[in-house]
Each structure stands twice: as structure tokens, then as C-alpha cells.
Amino acid sequence: MTETVLLVGGGGREHAIARALADSNADLYACAGNKNPGIARLAEGFETLDTTNPTAVVDFARDSGVDLAVIGPEAALEAGVADALDDADIYTFGPQEAEARIETDKAFQRRFMEEHDIPGCPDFETFEDMEAACEYVDEYDGDLVVKPAGLTGGKGVRVMGDQVDAEGAKEYIRESEYDRIVLEERLVGEEFTVQGFVANGDLRVTPAVQDHKRAYEGDEGPNTGGMGSYSDSSLELPFMSESEYMDAIDIMQAAVDALDGYKGVLYGQFMLTAEGIKVVEFNARFGDPEAMNTLPVLETDFLDVLTAARDGDDLPKLKFQRQATVCKYAVPEGYPTDPKSGALVKVDEESAGDAILYYASVDEREDGIYTTTSRSFAVVGIADSITEAEEIAEDALAVAGEEGLRIRHDIGKPDLVQQRIDHMAELRGE
Ligand code: AMP
Ligand code: GLY
């Protein structure tokens, strides 16, 4: 049976969700703060509205006659959009505000892990008194990470021994005027993401993905929302073993068991360290860019997952194409600190060739599609190996050109993947 589905959000992640829903023959209605041309083309109806305004989203959902909803961005979850849709009898695949605190309140997240004995929790303390936090920095034996408790779009964290020294950390704590922060042990290793579908007590996991948060090639520069990401043809990544992937899944299962009643995507951000798997954070939604690695290789009908979740059934077992993926974002020049908008996007879904093109924060005008001040679009290559997938992504980027854009060409290249493998070998003392 065809379902009418509402999608909330207008980034690259949501374009990937829209494509998966369209492939499932769902009738799609979408709303977002920006008019994403890729989503708009797939949708029967598209409205630009404030996706953190629950009333506006519910009104649009009712007018569109949707049966089901999927929420992309964390800001909408934090604003209680899932609560409002559920209250309007529109089943929403996305946690309610209280459950989304696993992402939106990092102090809550660490206490939740501690209370429920979820494995992989680093040493941490939470602070409301910033002078007490600075004293803790002075007394702590080792490097710490400063994390604002609330949402910062991935840009609020400062890592001692990497981005700042102890003095810099204290300066940041004093000057940034956060109400609450978490100070936690700095984890050293390789990061990876696992996204899981959760509903009715079930967890269905997807292949591991590695994102690249730093703005510039060689992992230099400020943190961003994510510049690109890759996954392999197996569930794990080249620098880890299958049993390490399974350790991450055990942690996610422990979280799902403790989260009683959670529905939506649970995103685990992990650090593979010399001492095993640790949790960097949990998020309450798909990753952006990671959704663009995962959804195109999902063979299971995405709508079947959503309807099983809604109907109280067991979630279907997931099947994936055994293919590697490489996703690269094109971002405006100067992103993220001083982004310049207004560059013409020269590649489209046809001229991207073998790569898939996902639009993100762009502006569709009469004479073309232009960049704004956030990530512009992403291309995804899919192939038997990471190397081949990377080449497919690069061919599409060559069509796009570089005018007004910045791209991390190193993502997914053999050199960078090998550096990850060597880094883990070195940490393990091999
Ligand atoms: P978050 O906003 O929690 O995603 O953090 C942004 C980035 O900060 C992560 O992707 C990591 O690279 C880094 N980070 C966060 N927590 C830690 C930690 N405990 N140790 C080392 N790096 C961390
Ligand atoms: N790629 C990082 C995130 O979605 O939070």
C-alpha cells in the first residue's frame, strides 16, 4: 500500500532520505527552512517553513494528509516536533524531545551511560560553575575535551592536545559563556559512526562510516558539520576488525535496552582506541553526511522499516549492497568560519554521471542553483572498492568545478585510508 510520508529537513541527509522514500514509492511531502531543489523535485508538495516550529510542521502535515513522518535534523527533535506530530496521530520516526536528550544534552548522555552501565563511557564531569571547571582542567592528569552540554552543530567541542592546550581550554571555558559544559577524557584513536534503526525494542544496524570533520585536507582547520565520509563493502572499515564493529553494536544494543520506547535513528559515534571501543557521543538521527553513504546501498525497502515501526511489528532485517561508498561535500569558500555564498552550482543530477548528487543548503533561482553559507551539495560514488568509489565521486566534482567552492579531495583516497590503518597499528603497538 502506498503511504503518504512527511519529511522534515532540507540538507544532503534529507535529500538521501527523500530518494530512499521515492524508491519505496512513498508519496512524499517535505518541509524545510530552505528549498532543496532535489527534494522538491521528488515531492508532491514542498513548503519552506521553520522546522523548529511544531505548529507550522503539524499544520503542513495535516494539510498534506500524511500518514507517517521522518525527521532529519536534531534541532527539530529538540523543539518537540516529533511530540507534536505524534500528538496529532501522525506516527513519527524520530524520538520525542525527552528521548532526543541523548543527543541534545551531553551531560544527560554521559549520566545516562553511567547510570545504565553502558560500556565505553570515558571519564567525565559536568559543570555549571566555569571556575570550578577551570580548576578541574588544572588538576586533571591528562588531556580533556571541552563540550558544551547543548547543540552546537558539531562545532562547539575543543580537544586539548589537538586544538587547544590547557590554557586555551580554560580561556575557551571562560569566554564562551556556556551555561553547562562536560569535561571528559580525551580519547585517542580512529572515529567511526554506526547508524541504527530503532523501534519496538528492535535495533537494526547499518555499515560503519568514517566522517571527516575538519575543514581542510590532512585533517587541518576548524571543525565542520562533516566534509565527507566513506564506507567499505563490508560492515566494518579498513582500520578495524569485524569483532570491533560488533563491540560497537553491543554498546548500541545496551543503549537501546536502556532507552525503553525510543523510536527513530540512533547514531553512535565511536572511537576505536588501543583499549577498545569508546563512545564519543550518541545522536538521535541520521548523520549528515553519513546518511548519504548508507541509504543508497540499503536494499531493504525503507518504507517497510517505517511502517513496521509504526505498526508495532518487528523491524525487517536489513540487507545492503556489498559496495563501498565515498561521499564528498562541496562547501562554500570560507566555510565554516567566513563562508561566501552566491556561487553557481554547475553540476546537476544528470551531469554527475555515475555518482549520485545530493543537494544541501542551496538556493534555487530562476537562472540556476546557487550556494548559500552552509554545505552546498555532495556527490557519492558507489563501487566494489573505496578507491573506485572515490574516483567516481571525483569525476562528478570535476564537472562541478571549484569556483566559489572548497572540497576535501583527500577523503577516500588510498593515502588517507592507509594513514588511518597505520595510525591504529601504531596505537596498538604493532
Ligand atoms: P561532537 O560535537 O560530540 O560530535 O564532537 C565533535 C568532535 O569532537 C568529535 O567528532 C570528535 O572528533 C571530537 N571529540 C568529542 N569528544 C571527544 C573525546 N572524548 N575525545 C576525543 N575527541 C572527542
Ligand atoms: N556527521 C556528523 C553528524 O551528523 O553529526
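Refer to the structure presented above.
Starting afresh in each chain, residues are numbered from 1 along the sequence in its written order. Chain A is the first chain written and ligand 1 is the first ligand written, with later ones labelled in order. The predicted origin of the model limits local features to residues at a pLDDT of at least 70 and limits the giving and counting of side-chain atom pairs to 80 or more, whereas totals for whole chains, interfaces and linings rest on all residues. Side-chain numbers come from the whole structure's heavy atoms, not from hydrogens or water.

Draft legend 1. Region of interest: the site of ligand 1. Here a residue is near a molecule or strand as soon as one of its heavy atoms is found within 4 Å of it. Not every one of the 15 residues close to ligand 1 is listed here, only the nearest: Glu184, Leu187, Glu191, Lys213 and Glu281. The definition of a polar contact used here is a pair of N or O atoms within 3.5 Å, where within protein one atom must be able to donate a hydrogen and the other to accept one, and adjacent residues in sequence count solely through side-chain atom pairs. A distance of 2.8 Å separates a nitrogen atom of ligand 1 from a polar atom in the backbone of leucine 187. Taking glutamate 281, its side chain carries an N or O atom lying 2.4 Å from an oxygen atom of ligand 1. Areas reported here follow the Shrake-Rupley algorithm with a probe of radius 1.4 Å; residue values treat only the protein chains shown as occluding. When the free accessible area of ligand 1 is taken as 470 Å², the share hidden by the protein chains comes to 94%. Within the shell around ligand 1, the residues separate by chemical class into six nonpolar, one polar and eight charged. Put simply, Ala, Val, Leu, Ile, Met, Phe, Trp, Tyr, Cys and Pro go in the nonpolar bin, Asp, Glu, Lys and Arg in the charged bin, and everything else, Gly too, in the polar bin.

Draft legend 2. Up close: the site of ligand 2. Taken together, the neighbourhood of ligand 2 is formed by Asp211, Lys213, Gly225, Tyr267, Asn283, Arg285, Gly287, Asp288, Pro289 and Glu290. Measuring from a nitrogen atom of ligand 2, one finds a side-chain N or O atom of aspartate 211 at 2.8 Å. Separating an oxygen atom of ligand 2 from a side-chain N or O atom of asparagine 283 is a distance of 3.5 Å. Within the complex, 91% of the 200 Å² of free accessible area of ligand 2 lies under protein. Taken together, the residues of the shell around ligand 2 sort by class into two nonpolar, three polar and five charged.

Draft legend 3. Geometry of the pattern of salt bridges. Any carboxyl oxygen of Asp or Glu within 4 Å of a side-chain nitrogen of Lys or Arg constitutes a salt bridge here. All told, the structure shown has 34 salt bridges when counted by the stated rule. The residue arginine 41 makes a salt bridge to glutamate 364 at a minimum N-O spacing of 3.8 Å. Remark: glutamate 364 occurs in strand β20 (residues 362–365) and arginine 41 occurs in helix α2 (residues 37–42); sequence separation between them is 323 residues. The salt bridge partner of lysine 170 is aspartate 138, with a shortest N-O separation of 2.7 Å. Here lysine 170, found in helix α9 (residues 166–175), pairs with aspartate 138, found in helix α8 (residues 130–139); they are 32 residues apart in sequence, far enough to count as distant. Burial status follows relative accessibility: with a 1.4 Å probe on protein chains alone, a residue under 20% of its type maximum counts as buried, one over 50% as exposed, and anything between as partly exposed. The exposure class assigned to lysine 170 is buried, which follows from its relative accessible area of 8%. By definition, any uninterrupted DSSP run of H or I lasting at least four residues is a helix, any uninterrupted run of E lasting at least two residues is a strand, and each is numbered from the N terminus.

Draft legend 4. Expanded view of empty space enclosed by the protein. Points on a 1 Å grid, built from protein atoms alone, make a cavity when a 1.4 Å probe fits but cannot get out and make a pocket when they are open with protein on both sides within 12 Å along at least 5 of 7 lines; residues with an atom within 4 Å of a point are the lining residues. Grid points are joined across faces, edges and corners, and a volume is the space filled by probe spheres set on the points. Tallied over the entire structure, the rule returns one cavity of 30 Å³ or more. Taken as a whole, the largest cavity encloses approximately 60 Å³ of empty space. Forming the walls of the largest cavity are 13 residues, and the residues nearest its centre are Ile71, Phe93, Val265, Arg285 and Phe286. Looking at the lining of the largest cavity, the elements with two or more residues in it are α1 (12–23) and β4 (68–71). Here the residues of the lining of the largest cavity sort into nine nonpolar, two polar and two charged.

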